[in-house]
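# Breakdown of the fold
Chain by chain, the residues run as shown.
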Amino acid sequence: MTPQPTDTQATGPKLGFFTRLLEDAPAAQRYRFALEQIETAEEFGFHSAWVAQHHFSAAEGGLPSPLVFLSHAAARTSRIDLGTAIITLPMENAVRVAEDAAVLDELSAGRLQIGLGSGGNPKSFPAFGTSFDDRREVFADNLATLRTLFSGDRLPTDHSLYPVPDAERPSLERRLWQATFSAGGAGAAGAAGDGLMLSRTQPRPQDNPAARLDEVQLPVIDTYLSQLPDGVEPRILASRTAVVADAEDLPRLREITEPALRAEADRLVGYDTSGLSLDELLIATDTYLGTPEQVIERLHHDRVLDRVTDVSFQVHSVPATNETALRSIELLATEVAPALGFAVTTERVH
């Protein structure tokens, strides 16, 4: 692949890439695929690359240690921001997260972004000495510890962070993001001056199961902005599922996507989707699968993308191969992003 120069006078969101590392392959191969995808995203001008954290289950996600993985990605890249989407903070020792993040930030020359969340899988919590019911309280305590250390202050035990944050870079405290479905969570993120992370899809209100995703997420954005302190620039990242393919590859992709999507659609949207056609299912689950022209047309109607500072695209829940993901990255950067005004960088990596 030879990246083509991209003219960006774009005022839209910065283009990002996201992976849960879900290819049908052993762990080592999944990691190689993800590294290749991140390198390709950098080559094509993406501003950021994000990885998820999942414990114990290869079917949910292939990466329990995102900061370890991103340290290797940092050595393979030179420009692209590297982010966690997310670290499940209640299952972590906050001091260790701070130390690992500080080391990674030094190794990557300040390219780390730290997305955090409280977690959604009750089965994983007991292994880490906590419970699902306590997750919000533990999250708040651990987040307070991160803030103390990243700001250069001392813990009650009189310990401070090493390595000391580089004063020439934006503080790691100002590179924290919080993932949430709710307006309440968004308000807390805004009040703290953190970034807001929005999901690729989420359950619809029981009284309006046919609501569009932007109908659900726009009030969350409004609450976030209303609580943001004066002088703090908003940071809003919307994740979206998009697989952009050449027309000749689309029939096979649709064929393998339907059973995979039906298997998790009810969980994603919160109602019975068994009577929907594949095209209706793609819409209901906010899955953008198509040629560049088809994906551009659907994304054009997503009003959230007019309000965010960043957008990150993943291939999941489509069971895409590495080759499909790589081609989608290329088409997103060279065809979809220019058509929609998403910002890509013209600084090319060779």
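Residues numbered from 1 in each chain as written. Predicted model: local features only at pLDDT ≥ 70, side-chain atom pairs only at ≥ 80, totals over all residues. Heavy atoms only, no water.

### Overview of the pairing of strand β4 (residues 112-117)
- In terms of burial, β4 is a largely internal element, six of the six residues being buried.
- Of the two faces of β4, both are covered, the one formed by L112, I114 and L116 as well as the one formed by Q113, G115 and G117.
- Relative to β4, strand β3 (residues 81-88) runs parallel, the two sharing five bridges. Its bridge partner being in β4, G83 is matched across the sheet by Q113.
- A crossover links β3 with its parallel partner β4, the connecting element being helix α3 (residues 94-107), and its sense is right-handed. (Buried < 20%, exposed > 50% of the residue type's maximum accessible area, 1.4 Å probe, protein only. Helix = DSSP H or I, 4+ residues; strand = E, 2+ residues; numbered from the N terminus. Pairing = 2+ DSSP bridges. Right-handed = clockwise from strand over helix to strand, strands pointing away.)

### Topic: the UniProt feature "domain: Luciferase-like" (unreviewed entry) in the protein chain
- UniProt's entry tags residues 24-245 with the feature "domain: Luciferase-like" (unreviewed entry), counted in the numbering of this structure.
- Annotated as 37% helix and 16% strand, the span residues 24-245 places its first and last C-alpha atoms 19 Å apart. (UniProt positions renumbered as here; feature names shortened; annotations may be inferred.)

### A word on the nonpolar core
- Ranked by internal contacts, the top residues of the largest apolar core, which has 68 residues, are I38, F46, F69, I114, L116 and F150.
- The element best represented in this core is helix α10 (residues 322-340), accounting for six residues.
- Among residues more than four places away in sequence, those in contact with I114 are T84, I87, A101, F150, L172, R175, L176 and W177.
- Residues L261, L282, V315 and A325 belong to the second largest nonpolar core, which totals 14 residues. (Core = buried A, V, L, I, M, F, W, Y, C linked by side-chain atoms within 4.5 Å. Contact = heavy atoms within 4.5 Å.)

### As for the side chain of D286
- The topology assignment puts D286 in the loop between α8 (278-284) and β8 (287-290).
- Note on D286: relative accessible area 5%, which makes it buried.
- Residues in contact with D286, not counting those within four places in the same chain, are R200, T201, R204, L213, T241 and R298.

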